[in-house]
Amino acid sequence: MFSTTLSKLRPSPIQVMAEQTRQAVRAGRSVVDMTLGEPDFPTPEHVGEAAVRAIAAGQTRYTPINGSVPLREAIVRKFQGHNGIPCTAADVTVGCGAKQVIYQAFLATLTPGDEVLIPAPYWASYADIVGMNGGVLRALETSPDTGYAAQPQALAAAITARTKWLVLNSPSNPSGTAYTAEQLLAFAEVVRRSHHRDFLILSDDIYEHILFDGTRFATLAEIAPDLRHRILTVNGVSKAYAMTGWRVGYACGPRALVEAMTKIQMQINSHTSSVSQAAAAAALDGPQDEVRRRCQVFQHRRDLLLERFAGIHGLRAPRPNGAFYLFPDVRAFLGRTAPDGRMISDDVVFASYLLDEGVAVVPGSGFGMPGFIRLSYATSDDRLHLAADRLAAALERLS
Ligand SMILES: Cc1ncc(COP(=O)(O)O)c(C=O)c1O
């Protein structure tokens, strides 16, 4: 009954854990949910007000497929003013979240067997989106020793005649790793020197504003102008402005690619909601101080958790410089036995044991890195302390 495309979809470990967590909560168990990939803050008030004004003004009809003119103009101001990427409204497209934009980029360009290079650990959806569009994901291995940063030599070795895309996601979901301009320049140099000169680069900048310790944001299209004709820069309002439910993502890049992506979107959902587009324009054009304040809150939470984890023997959590996730190495606990006799054979069993102990996390295998787990710290200090207490006690009980 089902298509071969559907067979490319793996059961998402994030959804599986989220469902198990919901079941546990429904059964009345106390669980600290650290599976979530969204900020726990509300959408800023002025953004909601702009949406209400848009409804009152009758902005409730179809917009252009590539996004309303006011939103695309706000995006151009953002890319030019904030990122130093020159573009016009014709080089920009808007989708129903960055996820749709990325989907359309791959659908527009991949032919079966094309390879997509992505540093692991990677956002789980990349794997499914690449697979559904006939592509083959080639993971660039990284290590906790280098903070999960991909190495230029690994990139150079992975590029082949079949390479169609290189995906960079900085700061990263799930590791929180953010590349400096110097690190990005090293990747750019590998791309320049490669014999294979026609692959594209997707820069997923969705966590751009969540950066710690004074790390300055850098993106490839800003620092490697000579490669701009090959770079699609993707961003969105979900994480920066706590607008996950509004569904607005956007991109700028080579005009022909952006137009092809828009052509596909025309036959999927035309465009995202006109009201959401008005809200997104208000977010991009409005005051940014709340974004900075929230970033400080995330940094404080990261420090709180890292400090607590430092006291847990065997749990190795590199210090991320962005996003709102930790990606600890839990390989030291694999092969041990839980009090109920269950053998902790891998990160999936490890995560389900932790759920039984009241902490919901996502196994790293979903992000292309078995033996690790991802925890989201988009929750309150009290909940983080409770999670750390439970984690420490649960790990203590393994023999
Ligand atoms: C790395 C990364 N890219 C893109 C997205 C998609 O965000 P949205 O579709 O909400 O804009 C996410 C969401 O979790 C993400 O983590």
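Residues numbered from 1 in each chain as written. Predicted model: local features only at pLDDT ≥ 70, side-chain atom pairs only at ≥ 80, totals over all residues. Heavy atoms only, no water.

Re the side chain of Lys239
Its location among the elements puts Lys239 in the loop between strand E7 (231–236) and strand E8 (249–252). For the buried Lys239, which has no salt bridge, the nearest side chain bearing the opposite charge is Glu38, at an N-O separation of 7.1 Å. A polar contact is formed between the side chain of Lys239 and the backbone oxygen of Gly37, at a distance of 2.6 Å. (Helix = DSSP H or I, 4+ residues; strand = E, 2+ residues; numbered from the N terminus. Buried < 20%, exposed > 50% of the residue type's maximum accessible area, 1.4 Å probe, protein only. Lys, Arg positive; Asp, Glu negative; His and termini not counted. Salt bridge = Lys/Arg side-chain N within 4 Å of Asp/Glu carboxyl O. Polar contact = N/O pair within 3.5 Å; in protein donor to acceptor, adjacent residues only side chain to side chain.)

Focus: the environment of Ala154
Along the chain, the position of Ala154 falls in helix H7 (residues 152–158). According to the relative accessible area criterion, Ala154 is partly exposed, its value standing at 27%. As for Ala154 and Glu141, which are separated by 13 residues in sequence, their C-alpha atoms are 7.5 Å apart.

So, the sheet that holds strand E9 (residues 325–326)
A sheet is described by the order of its strands in space; here 3 strands give the open sequence E9-E12-E11, paired in antiparallel fashion. Both edges of this open sheet fall to E9 and strand E11 (362–363), since each of them pairs with a single strand only. (Pairing = 2+ DSSP bridges.)

Some remarks on the site of the ligand
Neighbouring residues of the ligand: 13 residues in total, closest Ala98, Asp204, Ser238, Lys239 and Arg247. Note that an oxygen atom of the ligand is positioned 2.7 Å from one of the backbone N or O atoms of Ala98. At 2.8 Å from an oxygen atom of the ligand is found a side-chain nitrogen or oxygen belonging to Arg247. In isolation the ligand has 400 Å² of accessible area, and contact with the protein removes 92% of it. Residue composition of the shell around the ligand, grouped by class: 5 nonpolar, 4 polar and 4 charged. (Near = heavy atom within 4 Å. Areas by Shrake-Rupley, 256 points an atom, 1.4 Å probe, with all protein chains shown as cover. Nonpolar A, V, L, I, M, F, W, Y, C, P; charged D, E, K, R; others polar.)

Comments concerning the domain arrangement of the protein
The domain boundaries assigned to the protein delineate domain 1 (4–42 + 290–394) and domain 2 (61–286). Look at where the C-alpha atoms of domain 1 and domain 2 centre, and you get two points 26 Å apart. In this assembly, 37 residues from domain 1 lie in contact with 33 residues from domain 2. Where domain 1 abuts domain 2, roughly 2,900 Å² becomes buried across the two surfaces, and 60% of that area is made up of carbon and sulfur atoms. Summed over the shared surface of domain 1 and domain 2, the number is 3 salt bridges. Put simply, Arg10 and Asp128 hold a salt bridge, and the shortest N to O gap is 3.3 Å. Here domain 1 and domain 2 share 16 residue pairs in polar contact (both at pLDDT 80 or more) between them. (Domains from an automatic or database assignment. Contact = heavy atoms within 4.5 Å. Buried area = accessible area lost by both parts, 1.4 Å probe.)

Details of the nonpolar core
Of all hydrophobic cores here, the largest spans 72 residues; its most connected members are Phe106, Trp165, Leu232 and Phe309. Counting the residues that make up this core, at least three belong to each of domain 1 (4–42 + 290–394) and domain 2 (61–286). Among residues more than four places away in sequence, those in contact with Phe309 are Leu315, Ala317, Leu326, Pro328, Leu375, Ala388 and Leu391. Tyr179, Leu184, Tyr250 and Ala280 belong to the second largest nonpolar core, which has 48 residues in total. (Core = buried A, V, L, I, M, F, W, Y, C linked by side-chain atoms within 4.5 Å.)

Quick look at the pattern of salt bridges
Scanning the model with the defined rule gives 25 salt bridges in all. Arg77 is the salt-bridge partner of Asp285, the closest N and O atoms lying 2.8 Å from each other. Within this pair, whereas Asp285 is found in helix H11 (residues 274–285), its partner Arg77 is found in helix H4 (residues 69–83), the two being separated by 208 residues in sequence. Residue Glu189 pairs with Arg192 through a salt bridge whose shortest N-O separation is 2.8 Å. Separated by 3 residues within a single helix, Glu189 and Arg192 lie in helix H8 (residues 181–193), roughly one turn from each other. We classify Glu189 as partly exposed; its relative accessible area is 31%. When its relative accessible area of 25% is taken as the criterion, Arg192 is described as partly exposed. Three or more residues are tied together by salt bridges with common partners; here these are Arg29, Asp340, Arg342 and Asp356.

Some thoughts on helix H3 (residues 45–56)
For H3, which comprises 12 residues, the first-to-last C-alpha distance of 17 Å matches the rise-based estimate of 16 Å (1.5 Å per residue) to within 8%. Looking only at H3, the buried set comprises Val47, Ala50, Ala51 and Ala54. Projected down its long axis, H3 shows its buried positions confined to an angular sector of 100°, all on one face. In H3, the exposed positions that point more than 90 degrees away from the buried face belong to Glu45, Val52, Arg53 and Ala56. Buried residues along H3 sit against H11. Once H3 ends, the next one or two residues include Gly58, with phi positive near 80°. (Expected span 1.5 Å × (residues − 1). Arc of directions from axis to C-beta.)

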